[in-house]
Amino acid sequence: MSVIVLGAGVIGVTSAWYLSRKGLDVTVIERHEGAAEGTSHANGGQISVSHPEPWAAPGLPLQLLRWIGQRDAPLRVRFRADPAMWRWTWRFLKNCNETTRRGNTGRVARLGLYSLAALRDLREAADLEFDWGARGTLHVFTDPRALADAATRVESRRGLGIRQALLDAADCLALEPALSASSVHIHGGIHAPDDACGDAAKFTRELARRCAERGVRFLFDTPVTGIELSGPAVRSVVTTRGNIAGDAVILALGTGSSAVVREAGLDLPVYPVKGYSLDLPLRPDDVAPRVNLIHETRRLVTSHLGATLRIAGGADLGGSGSTVPGARARSVLSPAFELFPSLTERQGAGTYWAGFRPMTPDGVPLIGRTPIDGLFLNTGHGSLGWTLACGSGRLVADLVAGDEPEIDAGDYEPLRRDR
């Protein structure tokens, strides 16, 4: 059986790995010149099983109104004359209720735990080096009102199988001594010991090499423009270098997924949300965090990746272009330097980057079969692509091969309409 995987980001390459392990003939098609040159290039770096809540939450619509006009708002919306954006936003708002949020959180949590276990197994099996760190995540609160709800959150996540502990300010400083220099008061935090971190781009490139050693073919510098059908089934993938036929096709193109299948009659609820990151080279004497951090109040993350501190955050719905507006990037990432003031003067030595998260309205990825025979989806992972990649790749490989998945594939039904 021949399978074509569209996209050589972390989602596409993990899909190719698990397909090749099943003995299938796999070809990966990618528009860039190499693997992990799109959204996977410089994401936050965290494998955040402890943070499964979707962005669509009961209090978010009111918070968005408060953020209007704020240059440093964590989430900024710029409405355009784009019907797809308006449809996506309407569905997003429909998910901003407690009942729906709770169900979607459970779906992401189950996939996240499954994915973390798969990543640990894969790392050992393939002997990959990608700045792996298994030091857990510390969620820090600089707003006492937000901390007041933390105990309830810890209990609800424990109910999902996610280990967490509520910490006071002293516990936070003991776990991460670099926070003792913070210019803002740390009121407390949540420690998730099972979280990890790693460089998603390094992982993807290393895994792509292992895939190639197993016989997986990679066609780089080959943009995909559409899907050719024969009746109700996939016939071939249309590229700028000609059509490529296969028995099955897995769409793992992130924010580019919707355009590829639109003419085939599929309307995917995946919309790009722009985010920012900064890679800051560290010196031996720098006061920098060793533990993964999530700044809960300002909604940004830091990850210690080898000799680099990665800071990531910000979300622009309606932003365009892959350029990095200096003022916007600095404003959304600057709260990290409130936590670690000694690094402030080093900003100029860092490298800023911007990428687009493929977001679904409910925060749950689209994984599985479509009404088009032979066409499968593995897209829409939003800000958790790195966290969910291995579990998603394993799940879609089982479905393509006709094997029984280890988790409920119905939770990620691609063309769901009820949420």
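This text follows the structure it describes.
Here's what I pulled together on the structure shown here. (Residues numbered from 1 in each chain as written. Predicted model: local features only at pLDDT ≥ 70, side-chain atom pairs only at ≥ 80, totals over all residues. Heavy atoms only, no water.)

## A few points about the nonpolar core
And step 1. If you look at the biggest cluster of nonpolar residues, it comprises 55 residues, and the most contacted ones within it are Leu19, Leu122 and Phe203.
And step 2. Secondary structure elements with two or more residues in this core: β1 (2-6), α1 (10-21), β2 (25-29), α4 (98-126), α8 (200-213), β13 (248-251) and α12 (385-401).
And step 3. Ignoring sequence-local partners within four residues, the contact set of leucine 122 consists of Trp17, Tyr18, Asp127, Leu128, Phe203, Leu207 and Cys390.
And step 4. Membership of the second largest hydrophobic core comes to 26 residues, among which are Leu138, Leu179, Leu278 and Leu300. (Core = buried A, V, L, I, M, F, W, Y, C linked by side-chain atoms within 4.5 Å. Buried < 20%, exposed > 50% of the residue type's maximum accessible area, 1.4 Å probe, protein only. Helix = DSSP H or I, 4+ residues; strand = E, 2+ residues; numbered from the N terminus. Contact = heavy atoms within 4.5 Å.)

## Considering the packing of aromatic side chains
And step 1. Counting across every chain of the model gives eight aromatic pairs.
And step 2. Aromatic pair phenylalanine 130 and phenylalanine 203: ring centres 5.1 Å apart, planes at 75°, arrangement edge-to-face. One end of the pair, phenylalanine 130, is in the loop between α4 and β5 (137-141); the other, phenylalanine 203, is in helix α8, and 73 residues separate them in sequence. Taken individually, phenylalanine 130 and phenylalanine 203 each receive the classification buried, so the pair is uniform in this respect.
And step 3. When the ring of phenylalanine 130 is compared with that of tryptophan 386, the centres are 5.9 Å apart and the planes differ by 75°; the resulting orientation is edge-to-face. (Phe/Tyr/Trp six-rings, centres within 6.5 Å; stacked < 30°, edge-to-face > 60°.)

## Looking at the pairing of strand β18 (residues 351-359)
And step 1. In terms of residue burial, β18 counts as a mostly covered element, since seven of its nine residues are buried.
And step 2. Taken together, the nine bridges between strand β14 (residues 271-281) and β18 define a ladder with antiparallel strand orientation. Following the sheet pairing, serine 277 is matched in β18 by tryptophan 353. (Pairing = 2+ DSSP bridges.)

## Focus: the packing of α4 against α12
And step 1. Two numbers describe how α4 lies on α12: the axes approach to 7 Å, and their chain directions differ by 90°. Judged on the interaxial angle alone, α12 and α4 are roughly perpendicular. Of the residues in α12, those in contact with Val108, Leu111, Gly112, Tyr114, Ser115, Ala118, Leu119, Asp121 and Leu122 of α4 are Trp386, Thr387, Leu388, Ala389, Cys390, Gly391, Ser392, Arg394 and Asp398.
And step 2. Split by residue class, the contact of α4 with α12 holds ten nonpolar, five polar and three charged. (Axes fitted to C-alpha atoms, helices over the stretch in contact; angles between N-to-C directions. Parallel < 35°, antiparallel > 145°, perpendicular 65-115°, else oblique. Nonpolar A, V, L, I, M, F, W, Y, C, P; charged D, E, K, R; others polar.)

## Let's talk about the sheet that holds β1
And step 1. The sheet built from six strands is open, its strands ordered β9-β2-β1-β13-β20-β19 with mixed pairing. Two strands lie at the open edges of the sheet, namely β9 (217-219) and β19 (366-369), each paired on one side alone. Averaged over all pairs of adjacent strands, the angle between strand axes in this sheet comes to 20°, irrespective of strand direction.
And step 2. Sheet topology places β13 next to strand β20 (residues 375-379); three bridges connect them, and they run parallel. Directly across from leucine 251, in β20, lies its bridge partner leucine 377.

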